[in-house]
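Fold and contact review
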Amino acid sequence: MRAMLQKTADGLISLSAFLGTLGLLFVVGVIVVDVIGRNFGMPLYGAQDLVIMTMVIIVFGGMALCARDDGHIVVDIFEPHFSPRLNRAIDVGAGLLGAVIFVLIAYTVFKSAQLSQMLNLSTNLLRLPTAWFQYALCALSLVAALALMMRAACSALGIRPAPASGQETP
Amino acid sequence: MSPVLVGSTGFVLLLVLLLLRIPVAFAMFTIGFAGIWLLNGLQAATGLLSSETFALASNSELIVVPLFILMGNVASVTGMSRRLYEAAYATIGQVRGGLAAATVIGCGGFAALSGSSVASALTMGRTALAEMDRFNYDPRLSTGVVAAGGTLGILIPPSTGFVIYAILTEQSIGRLFMAGILPGILLLTLFLLTVLLLCTLKPALGPKGPSTTLAEKRRAFLGAIPILVVILLTIGGIYTGIFSPTEAAGVGAALVIGIGALSGTLDLRSFWQAAQSSVVTTASVMLILIAAHLINPFIALSHLPAEVSRMLVSFDLGAYGTLVLILAIYLVLGCFLEGLAMLVLTLPIFMPVVLSLGIDPIWFGVLVVLTLEMGLISPPVGINVFIVKSVAKNVPLVEIFWGVIPFWLAMLVTLGLLVAIPQLSLWLPGMM
Amino acid sequence: QELKYANWAPPFHTITEAQIEPLAKAIDEGTSGAVTLRAFHGGELGAGPADQYVRIVQGTADMGWGLPGYTSSQFPKTLILELPGALPLDQPGYAALWRAYEGELKSEFPMTEAIALWGAEPNILMMKDKQVTSPGDLKGLKIRVAGSIAAEAMEALGATPVQLPMTQVYNGLQTGLIDGLVSGASVLSDFKLSEVVSSVTTGPNLGRLTFYTVMNKPVYDGLSGEAKAALDAVKGEAISKQTEEAWVATAAEALDAARASSEITVNDLDAAQSKAFDDALAQVTDAYVAEVGGAAALAAMRGE
Ligand code: NA
Ligand code: NA
């Protein structure tokens, strides 16, 4: 049961990071095509629409893997002076707090997405519906919340999680 | 509870959460959200949480964050940044702290390319830290140099800080850019002197390298040519209007990817890993920026800035006294707030005071932007320090804060010089 | 009760004196101080104009102003006023908007009470190192535009439209990233563009920007009778007229400064020269009106 949960969660975290990475490479391509085209009098129509909406996927796509790899920055001044018990309690608390924050983000952005649909909001040139990207942000936030809850659970049980596949930095 | 009391309590609680090792972004989210809830109701708090989150995650100017990280990561896996540092090492490696000095100059160059300090610290951090580590530089020195040097991005034009200041205070953007040049060079020089002084006092910080022959120097320099071409093309493209500073980040990334692929130094696997690790670093940086934008309305709603300024005016200290007091307030606020947010919150309040005392607004602009830079590296909320931390995972944050202290002091000296000698800021714009 | 007015512009902006202060004064005096209006300037309650409408609906602020053009999909009919040639340049935009509001535009402002609707000064061309006196002069030039309508207009004139945040326009003109921009003259002073612009072209009907100020509907409905009466006395055409006139005055001042400056050439095209532009742009306007089914809205704006 736990193994299956772990596997599902890992799959979602990897998928989310995969989408973000794909988005980043897509944005590089869009900018290059737009810059070259513009200097020949043929800019890519709606390039800015594509860039800003893909950015949502880039920024939130990485949240889950960042959470799983302990990538969120902390002020570690007193860590050596705290007892191991306290440090573990803090880890559990921070993980749960982060999960609550991401669930709250998902919930409020979901509400905003419904409002966007009602107001018919979309990007100015390509008419990409804002709500699509808000729903995507919600989904990616929920994966991040899941990753944080798993961190908290691991800390509570005293398990050091296996390093994620994409963790090593070049 | 009065709004001012809520605001002050919020600051204290933020500090407590940070010291308890709660991730910076989570602590800021919690305090910002709870503060807005208390001062303006739950509906306003949830509304701001969703609108600020989505607005920042789709902000057309912040796209430079993932793009510059990608450029730095790819330059790093392809060995381009290593060869750049080998060239620097062959040239000035035999001087104590030479690579740190080269990094300061690199930061100054990057500042001329980018208007944002975040982008400067990210790219320079990605490029420089591992290299200085390889040549046995102490992480305190290397991270301190990058965190502090990165702040030059908003003092040396182009600068987002000056643009926002100009629009908020109806000053000339062109004159402010001119005004930033000499102070930028002065600060850069003081950073260099700081590096030399530190390495003289404590040689282990930046050990001397072996001396090199002319042939070795030339070979090292030739190796660095690809990355130098990328840098020249990127800066050149901005100044000739081929692309905007924002697009430059994308073009620069594409160039290093292209060179890496063509030269065979970038295979698909390492490329994908570099890109994925860029996305993860982006997440940790952007979450802090989003959270900082929740603290901003919370402070506005607390009336704290307005109360502080009322107190300030009532002291009646004269022009110089008030100026020094205002700058001191900026230094304190800079410990907690994100730089540009601080401008928006405080300028409407301080500007009338400054103008009524006959203080030159261009001069004041330079002083304020310098205090913003100092805020970027002052604990507990020093955005640039967090950014360096996000690319230097193995260095404890407290080491980085220790590392920036000498540079913070150099900035304080610069601030003193700029206050004492207004001509340093006003001479160039006066020539226009 | 303290009402919160969200202003994303700096505190010295025209909006403060032209609209926020008069509204605050009317409410304060009408309720003997029981209800006040407090402004949060410079985006203190959230940056930029694009999200203002949503912020008001979500209750982050009670009242605020924005540009329909930033979320054009929400305001297809309101934006008809921005079209080239929609309204003669010397006719006030606020009157046209309010003529069409009840019958045609109201459904584009759900969940809020419209406080003010107004138009800006006429759009003009502002160029760096180029002179424009005929559509042919624009051929191949890179022109910064604010939205899709202006983008289509520039394409119809042979120019290349470029999307760029307003804060980057100054640098963009300086480096040659863009050759010019189309907007109202007030940006010459508001964004310091007079420092980098070398020529200005007036005369052709390039449309104008539109603005709204709205209030959260439940908050409006919940106002005391006294406060509502005080607000109702100024809201609508009265405060809109006052705001638009201040806008036009700011623009006139900026344009006068440009005329006085030796660095800037002002090309005031006569009717015959302007006609070449207007003819080229007529199809853009017709196509847009047909696309959004806005014939009735346009007729109402024109008072036909
Ligand atoms: Na800069
Ligand atoms: Na700080």
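Every value quoted in this text rests on a predicted model; they were computed, and no experiment measured them.

**Description of the overall build of chain C**
Helices and strands together make up the secondary structure of chain C, namely 11 helices and 10 strands. In terms of C-alpha radius of gyration, chain C reaches 19 Å, essentially the compact-globule figure of 19 Å for 304 residues. Expressed as lengths along the three principal axes of its C-alpha atoms, the size of chain C is roughly 60 × 40 × 30 Å. The burial tally for chain C puts 60% of its 304 residues in the buried class. Partitioning the intrachain contacts of chain C with sequence separation of at least 6 by distance along the chain shows that 76% fall at a separation of at least 24.

**Points about the interface of chain A and chain B**
Reports often express the size of an interface as the amount of accessible area lost when the parts come together. The interface of chain A with chain B comprises 61 residues on the first partner and 64 residues on the second. For the chain A and chain B pair, buried surface summed over both sides reaches about 5,400 Å², with 78% attributable to carbon and sulfur atoms. Linking chain A to chain B there are two salt bridges. At the surface where chain A touches chain B, the tally comes to eight residue pairs in polar contact (both at pLDDT 80 or more). Per-element accounting of the side of chain A that touches chain B gives the leading share, 15 residues, to helix H1 (residues 2–39) of chain A. Among the residues making up the side of chain A that touches chain B, the classes are represented as 39 nonpolar, 16 polar and six charged.

**Section: the confidence of the model for chain A**
Confidence along chain A averages 90 in pLDDT terms, with 93% of residues attaining 70 or more. Considering only residues more than four positions removed or in separate chains, one finds that residues 163–170 of chain A, a stretch of pLDDT under 50, has 15 contacts.

**Regarding helix H11 (residues 295–302) of chain C**
Residue and element names in this part refer to chain C. Among all positions in H11, only Ala-297, Leu-298 and Met-301 are buried. Around the axis of H11, the buried residues are gathered within 100° of arc, so they sit on the same side. One or two residues past the end of H11 sits Gly-303, with phi positive at roughly 75°.

**What to know about the pairing of strand S7 (residues 180–184) of chain C**
All names here are of chain C. With five of five residues buried, S7 is to be regarded as a mostly interior element. Of the pairings in the sheet, the one linking strand S4 (residues 112–127) to S7 comprises five bridges and is antiparallel in character. Each residue of the ladder has a partner; that of Ile-124, found in S7, is Ser-183. Of the strand pairs in this sheet, strand S5 (residues 142–145) and S7 are connected by two bridges, and their pairing is parallel. Each bridged residue has a counterpart across the sheet, and for Ile-143 the counterpart in S7 is Gly-180.

**So, the interface of chain C and chain A**
Listed by partner, the interface residues are 22 residues for chain C and 17 residues for chain A. Between chain C and chain A, roughly 1,700 Å² of surface is buried when both sides are summed, and carbon and sulfur atoms account for 56% of that area. When the buried surface of chain C facing chain A is broken down by residue, Ser-73, Thr-160 and Gln-163 of chain C rank first, second and third, together holding 31% of it. Viewed at the interface, chain A and chain C are joined by six residue pairs in polar contact (both at pLDDT 80 or more). When contributions to the side of chain C that touches chain A are tallied by element, the ones reaching two or more residues are helix H2 (52–58) and strand S6 (160–163) of chain C. Of the residues belonging to the side of chain C that touches chain A, the class tally is 11 nonpolar, 10 polar and one charged.

**Notes on the side chain of Asn-7 of chain C**
Residues and elements named next belong to chain C. Along the polypeptide, Asn-7 turns up in the loop between strand S1 (2–6) and helix H1 (14–30). In this structure the side chain of Asn-7 is engaged in a polar contact, spanning 2.9 Å, whose partner is the backbone nitrogen of Ala-9. Within polar-contact distance, the side chain of Asn-7 engages the side chain of Trp-65 at 2.9 Å. Residues within four places of Asn-7 in sequence aside, it is in contact with Ile-15, Thr-16, Ile-20, Phe-40, His-41, Gly-42, Gly-43 and Trp-65.

**Let's talk about helix H9 (residues 237–260) of chain C**
The end-to-end C-alpha distance of H9 of chain C is 34 Å, a good match for the 34 Å that 24 residues give at a rise of 1.5 Å each. Residues of H9 of chain C that are buried: Ile-239, Ser-240, Thr-243, Glu-244, Trp-247, Thr-250, Ala-251, Ala-254, Leu-255 and Ala-258 of chain C.

**Brief notes about the UniProt feature "transmembrane region" (unreviewed entry) in chain A**
Residues and elements named next belong to chain A. Here the UniProt feature "transmembrane region" (unreviewed entry) sits at residues 12–33, 45–67, 88–110 and 130–150. In residues 12–33, helix accounts for 100% and strand for 0%; the two terminal C-alpha atoms are 32 Å from one another. With 87% helix and 0% strand, residues 45–67 has its two end C-alpha atoms placed 36 Å apart.

**A look at the state of the cysteines**
Residue and element names in this part refer to chain A. One pass over the structure, following the stated rule, counts zero disulfides over all chains. The cysteine Cys-154 is free of any disulfide, with Cys-66 supplying the nearest cysteine sulfur at 16 Å. On the basis of relative accessibility, which here comes to 12%, the residue Cys-154 falls in the buried class.

**Some words on empty space enclosed by the protein**
Rolling a probe over the atoms, with the probe sized like a water molecule, indicates the empty space that remains. Under the defined criterion, the tally for this structure stands at two cavities of 30 Å³ or more. Put simply, the second largest cavity is a space of about 40 Å³. For the second largest cavity, the full set of lining residues is Ile-73 of chain A together with Val-285, Ile-288, Leu-289, Ile-383, Phe-386 and Ile-387 of chain B. Of all the secondary structure elements, the ones that give two or more residues to the lining of the second largest cavity are helix H14 (268–301) and helix H19 (383–391) of chain B.

**Some words on the layout of surface pockets**
All names here are of chain B. Approximately 650 Å³ is the volume attributed to the second largest pocket. Forming the walls of the second largest pocket are 27 residues, and the residues nearest its centre are Leu-84, Gly-106, Met-124, Leu-228 and Ile-231. Residue assignment for the lining of the second largest pocket shows that the elements contributing at least two residues are helix H4 (64–77), helix H5 (80–92), helix H6 (98–113), helix H7 (117–134) and helix H12 (225–239). Looking at the lining of the second largest pocket, the element that brings in the most residues is H6, giving seven residues.

Conventions we followed
Residues numbered from 1 in each chain as written. Chains lettered and ligands numbered in written order. Predicted model: local features only at pLDDT ≥ 70, side-chain atom pairs only at ≥ 80, totals over all residues. Heavy atoms only, no water. Helix = DSSP H or I, 4+ residues; strand = E, 2+ residues; numbered from the N terminus. Rg over C-alpha atoms; globule rule 2.2 N^0.38 Å. Buried < 20%, exposed > 50% of the residue type's maximum accessible area, 1.4 Å probe, protein only. Contact = heavy atoms within 4.5 Å. Buried area = accessible area lost by both parts, 1.4 Å probe. Salt bridge = Lys/Arg side-chain N within 4 Å of Asp/Glu carboxyl O. Polar contact = N/O pair within 3.5 Å; in protein donor to acceptor, adjacent residues only side chain to side chain. Nonpolar A, V, L, I, M, F, W, Y, C, P; charged D, E, K, R; others polar. pLDDT = per-residue confidence, 0-100. Arc of directions from axis to C-beta. Pairing = 2+ DSSP bridges. Expected span 1.5 Å × (residues − 1). UniProt positions renumbered as here; feature names shortened; annotations may be inferred. Disulfide = S-S within 2.5 Å. 1 Å grid on protein atoms, 1.4 Å probe; cavity = no way out; pocket = protein on both sides within 12 Å on 5 of 7 lines; lining within 4 Å. Points joined across faces, edges and corners; volume = space filled by probe spheres on them.

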